[in-house]
Amino acid sequence: MIGEPMDNVESEVQAVEAVSSVVSGGGFAASERYDAPIRDVLTRLGYLTEDQAARVAGHASERALDFDQAALELGYITTEDLDRAREQLITSMALQNVARRPVSDELVVMSDPASVRAESIRMLRTQVIAQHIKNGRRGLAVVAAADGHGCSWVAANLAVAMSQVGFKILLIDANMRSPRQDQIFGLDPNAAGLSNFLSLQVARPERVVNANVLPGLALITAGPPTSRPQELLSGNRFRDGVNTLLREYDLVLFDTPAANTSADALNIGAAAAYALIVGRANHSFYKDISTLTDQLAAARCAVVGAVLNEF
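Residues numbered from 1 in each chain as written. Predicted model: local features only at pLDDT ≥ 70, side-chain atom pairs only at ≥ 80, totals over all residues. Heavy atoms only, no water.

Draft legend 1. Region of interest: the packing of aromatic side chains. Per the counting criterion, the structure on display carries one aromatic pair. Between Phe238 and Phe254 the ring centres are 6.5 Å apart and the planes differ by 75°, which places this aromatic pair in the edge-to-face class. Of this pair, Phe238 sits in helix H12 (residues 236-246) while Phe254 is found in strand E5 (residues 251-255), placing the two residues 16 residues apart along the sequence. Each of the two residues, Phe238 as well as Phe254, counts as buried. Here the guanidinium or amino end of Lys168 rests over the ring plane of Tyr249, the centre of that ring lying 5.2 Å away. (Phe/Tyr/Trp six-rings, centres within 6.5 Å; stacked < 30°, edge-to-face > 60°. Helix = DSSP H or I, 4+ residues; strand = E, 2+ residues; numbered from the N terminus. Buried < 20%, exposed > 50% of the residue type's maximum accessible area, 1.4 Å probe, protein only. Lys NZ or Arg CZ within 6 Å of the ring centre and 35° of its normal.)

Put into structure tokens, the structure is as follows:
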């Protein structure tokens, strides 16, 4: 069961203020290499002529800007034009799953909605809405000090619960060491995912979004295994991709690996700007939770609360 956030840990977790190089490759400007999709959409929608698009590409290269930011700076498009183009880009480029397994019974808000565990998730949802979303916050990393504390379970169920009340939710499985969200949601673990985007195999983060996994819920899986998850998650490409996605959803949730095994969770928390700590009854130690809180604060990630699993 999940207890009340904040109240079931030995000490209240204190929040801190959060703050959140274009990766370039040989032979291509950053904007040309990564931003062709948004360029194509803006041109197709009539917001840019071919001549204007060429000028924007040159300006982006000179100023080391993304293509869309260069177009805004030149005054060729408005922010409303860009929002419409991005919406169409996500719709047209998101992965469409043709072969899917059923979702797991671990999603108790669907498989056992009358249970105490499902009701606890809904209580957590209420607090996240009241204390996080209503304050304009869009990113939230779900973190745990050690393996086996239920981080993936909390992230998955919270994502589904949020989507059930009409929010547009994106769940990102940023645990590239031991991913589980593909299993929970019945997706192909070898399909394109976060690792493909971060290793430059896919140009834009929108291309690895699984749209409408459930109504109102999109998902980015961890993708094929990679030998260097920490390097990929600590780079500007991850942060830039996160910033792009934060603009498109009411809430972006991140599933993370255990903080005592790598620095991945801290890098993810820094990009998301906010974190929710998960502990497990009779397994989590106050000292571990306190240490994790201090580490997140040092990474400029505000801890908004904690939940205690009992299972």
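Draft legend 2. Quick look at the pattern of salt bridges. Following the criterion strictly, the structure yields seven salt bridges and no others. In this structure, Arg63 engages Glu73 in a salt bridge whose closest nitrogen and oxygen atoms are separated by 2.9 Å. With Arg63 in helix H3 (residues 50-63) and Glu73 in helix H4 (residues 67-74), this pair connects stretches of sequence that are 10 residues apart. Salt-bridge contacts for Arg84 lead to Asp81; the nearest nitrogen and oxygen are separated by 3.0 Å. Of this pair, Arg84 and Asp81 both sit in helix H5 (residues 79-93), three residues apart, which is roughly one turn of the helix. (Salt bridge = Lys/Arg side-chain N within 4 Å of Asp/Glu carboxyl O.)

Draft legend 3. Main features of the sheet that holds strand E4 (residues 217-220). The seven strands are arranged E3-E4-E2-E5-E1-E6-E7 in an open sheet whose pairing can be described as mixed. Looking at strand neighbours, the two that pair on one side only are strand E3 (210-214) and strand E7 (302-309), the edges of this open sheet. Pairwise comparison of adjacent strand axes, ignoring direction, gives a mean angle of 25° for this sheet. Helix-sheet contacts for helix H8 (residues 151-164) involve strand E1 (139-144), strand E2 (169-173), E3, E4, E5, strand E6 (274-280) and E7, and the interaxial angle to E5 is about 165°. The sheet strands contacting helix H14 (residues 286-298) are E1, E6 and E7, and the helix crosses E6 at an angle near 170°. (Pairing = 2+ DSSP bridges. Axes fitted to C-alpha atoms, helices over the stretch in contact; angles between N-to-C directions. Contact = heavy atoms within 4.5 Å.)

Draft legend 4. Geometry of the packing of H3 against H4. Viewed as axis vectors pointing N to C, H3 and H4 meet at an angle of 105°, and their least axial separation amounts to 8 Å. Of the possible angle classes, the one that applies to H3 and H4 is roughly perpendicular. Contacts between H3 and H4 involve Ala53, Arg55, Val56, Ala57, His59, Ala60 and Arg63 on the former and, on the latter, Phe67, Ala70, Ala71, Glu73 and Leu74. Among the residues making up the contact of H3 with H4, the classes are represented as eight nonpolar, one polar and three charged. (Parallel < 35°, antiparallel > 145°, perpendicular 65-115°, else oblique. Nonpolar A, V, L, I, M, F, W, Y, C, P; charged D, E, K, R; others polar.)

Draft legend 5. Representation of the environment of Glu50 within the structure. As for its position among the elements, Glu50 is in helix H3. Remark: the alpha-carbon pair of Glu50 and Asp40, spanning 10 residues in sequence, is separated by 9.7 Å.

Draft legend 6. Expanded view of the nonpolar core. Counting 40 residues, the largest nonpolar core has Met162, Ile169, Leu171, Phe185, Leu217, Leu251 and Leu253 as its most contacted members. What Ile169 contacts, discounting residues up to four positions off in sequence, is Ala159, Met162, Ser163, Gly216, Leu217, Ala218, Tyr249, Leu251 and Leu253. If you look at the next biggest cluster of nonpolar residues, it comprises 39 residues, including Leu245, Ala265, Ile289 and Leu292. (Core = buried A, V, L, I, M, F, W, Y, C linked by side-chain atoms within 4.5 Å.)

Draft legend 7. How the structure looks around H14. Taking 1.5 Å of rise per residue, the 13 residues of H14 would be expected to cover 18 Å, and the 18 Å separating its terminal C-alpha atoms lies within 8% of that figure. By the burial criterion, the buried members of H14 are Ile289, Leu292, Thr293 and Leu296. The buried residues of H14 occupy one face: seen down the axis, they fall within an arc of 100°. Away from its buried face by more than 90 degrees, H14 exposes Lys287, Asp294 and Ala298. Along its buried surface, H14 packs onto E1, helix H13 (264-272), E6 and E7. Phi turns positive, to about 65°, at Arg300, one or two residues after H14. (Expected span 1.5 Å × (residues − 1). Arc of directions from axis to C-beta.)

Draft legend 8. Broad picture of the side chain of Asp173. Structurally, Asp173 can be placed in strand E2. No salt bridge is formed by the buried Asp173; the nearest opposite charge belongs to Arg180, separated by 8.1 Å. In terms of polar contacts, Asp173 uses its side chain to reach the backbone amide nitrogen of Arg180, at 3.2 Å. At 3.0 Å, the side chain of Asp173 and the backbone nitrogen of Gln181 are in polar contact. The residues touching Asp173, leaving out its near neighbours within four places in the chain, are Pro179, Arg180, Gln181, Asp182, Leu194, Ile220, Thr221, Ala222 and Asp255. (Lys, Arg positive; Asp, Glu negative; His and termini not counted. Polar contact = N/O pair within 3.5 Å; in protein donor to acceptor, adjacent residues only side chain to side chain.)

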